[in-house]
Amino acid sequence: MATTESPVEKIKAHSDYLRGTIVASLADAASGGLADDDTQLSKFHGFYQQDDRDVRADRARRKLEPAYSFMIRVRVPGGIATPEQWRTLTEIAKSHANHSLRLTTRQAVQLHGVIKRDLKATIRGINDSLLDTIAACGDVNRNVMCSPLAELSGVHERAFEVAAAISEHLTPRTRAYHEIWLDGDKVAGGADQEPIYGSTYLPRKFKIAVAIPPQNDVDIFAQDLGFIAIERRGELSGFNVSVGGGLGMSHGEPDTYPRAAEVIGYCAADRAVEVAEQVVALQRDYGDRSNRKHARLKYTIDDRGIDWFKRELAARLGFRLEEARPFRFLRRGDSIGWVRDHRGAWNLTLFVPQGRVIDSDEHRLMSGLAEISKAHCGDLRLTPNQNLIVAGIPDRARIGTLLDEFGIAELQAVSPMRQLALACVALPTCPLAMAEAERYLPELGAKIDELLAKSGLADEPISLRVSGCPNGCSRPYLAEIALVGKAPGRYNLFLGGSADGRRLNSLVEENIDEARALARLDRLFSEFANRRREAETFGDYAQRSVVESS
């Protein structure tokens, strides 16, 4: 039976490889926003149109258009940036954005509050630093994640090289980005080609990550496609391949749901790029283009079956994946503090509250990191958990002095639970947000810390994630505790995710306020402290005592 394509598919098909009328929209001084169709195409160029929801109602009463601004997402494959690139992003944030940088859960950087007349200068400045924004958003492969501290071992270094190769191979080839933002020459009609994506790209966004056991810092089972590094005799032999992860869903729509990826086999390291291309091509050809809420790879697999998927992939590759190799994940999150790599260099992982790099009266994080970048000859690396690594430090004392001078050292004294906690941006700028997340996490985290201390669990590493809506940007459905926004001040409470990130959590209470959530957690913490089994994590306890017993 024929299906009707979604409106976004039609926009892509008629966009002339993502050009649309963006140039005309930028030139329209009568509005601070873009034409409707261009707001869809702009995502492929790396930015979203937003408005300040804190003032939306007031502006509507005054018959003013929304207070439009733009969020620009900078693509940083593997999360590695040079000191010069970091300083450029800092300068752009101060001159064109809202004086802050937002580290994302995909090892990217977001600039918020950019107005339309500054868009071109901002994107050009980013490209001048040899970073870019193309494919940071949109129906394409997004930023490829990888454990950012490559120097921990030779396996890490080689895995990062593979992640970078996949990212480059799957970057869109359209010249529209260079024409619009970098004043490149216009391509003659029909000269553009997208050998992997085609003229309508993918049905929906696509996410890839590379994990190096025993650390699952990238949340590999949340990804459409994952590569789990397998070590043999101290070297990278290849990857276990996982497919079908995805955490987005919609409240009240049971046909949408989070799904953890499943491991389907193993490939040699030199075949990873080829495997990635064919999985993306398979989703390009079979993904649902009529319903965007049903357009992720997880639904393609569930609709057709994992056995069908493996057969189709083998036919496209010309070989079958081998049997998956044994592996084990022991932890997620980041190890905050100093660590020495296998070459003897020091690396410092800094806790960045809510991933927001900003100056306050007490903690001048943005200014301090800019000074560190001037004194540092290594890299600055974004982690998948919204923190930052200062890598390859030759002079540990100098960096330590700067941490004290700018009040950054004080920020590091947080509980294990806060080190693991994640939150999405949510209000006031995200148009999908139903409740607070980033602005709420410090207050909520402090209250949960008090409850943990009351039960003697202050040092327990429990993963907490807060999302302003059910779409899952903070990866809430893999947390041991998650609050997912339902309405202002109201959340759905999820419990029981595994500490290693392999098991989804479950909805245990719906549409509750903070008092109800904290009371439930208070009781559970007390029970956990008294009844836990040997070496049992909170997520495992909640799974057996709450989820399985309900």
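The coordinates are above.
This text gives an overview of the structure that appears in the document.

Cut-off values and rules
- Residues numbered from 1 in each chain as written.
- Predicted model: local features only at pLDDT ≥ 70, side-chain atom pairs only at ≥ 80, totals over all residues.
- Heavy atoms only, no water.
- 1 Å grid on protein atoms, 1.4 Å probe; cavity = no way out; pocket = protein on both sides within 12 Å on 5 of 7 lines; lining within 4 Å.
- Points joined across faces, edges and corners; volume = space filled by probe spheres on them.
- Nonpolar A, V, L, I, M, F, W, Y, C, P; charged D, E, K, R; others polar.
- Pairing = 2+ DSSP bridges.
- Helix = DSSP H or I, 4+ residues; strand = E, 2+ residues; numbered from the N terminus.
- Contact = heavy atoms within 4.5 Å.
- Axes fitted to C-alpha atoms, helices over the stretch in contact; angles between N-to-C directions.

1. Considering empty space enclosed by the protein
- Per the counting criterion, the structure on display carries three cavities of 30 Å³ or more.
- Of the voids in this model, the largest cavity is the one considered here, and its volume is about 50 Å³.
- Looking at the largest cavity, the residues that line it are Phe351, Val352, Pro353, Gln354, Gly355, Asn385, Gln386, Asn387, Arg418, Gln419, Ala421 and Leu441.
- A per-class count over the lining of the largest cavity returns five nonpolar, six polar and one charged.

2. Description of the pairing of strand E11 (residues 337–340)
- Relative to strand E12 (residues 346–350), E11 runs antiparallel, the two being bridged by four bridges. In the strand pairing of E12, Val339 is matched with Asn347.
- Turn length for the E11-E12 hairpin, with the two strands adjacent in sequence and antiparallel, is five residues, and the turn residue Gly344 shows positive phi of about 95°.

3. Brief notes about the sheet that holds strand E15 (residues 388–393)
- Judged by pairing direction, the sheet is antiparallel, and its five strands sit side by side in the order E3-E14-E15-E12-E11 without closing on themselves. The sheet is open, and its two borders are formed by strand E3 (80–81) and E11, each paired with just one other strand.
- Sitting on the sheet, helix H5 (residues 83–96) is in contact with E3, strand E14 (379–382) and E15, with an inclination near 65° to E14.

4. Considering the sheet that holds strand E16 (residues 422–423)
- The strand order E16-E17-E18-E19-E20 describes an open sheet built from five strands, whose pairing is mixed. Edge positions in the sheet fall to E16 and strand E20 (506–512), since each has one partner strand and no second.
- Relative to strand E18 (residues 481–487), strand E17 (residues 464–467) runs parallel, the two sharing four bridges. When the sheet's bridge partners are listed, Leu464 is paired in E18 with Ile481.
- In the packing of helix H17 (residues 514–531) onto the sheet, contacts are made with E18, strand E19 (490–495) and E20, and the angle to E20 comes to roughly 145°.

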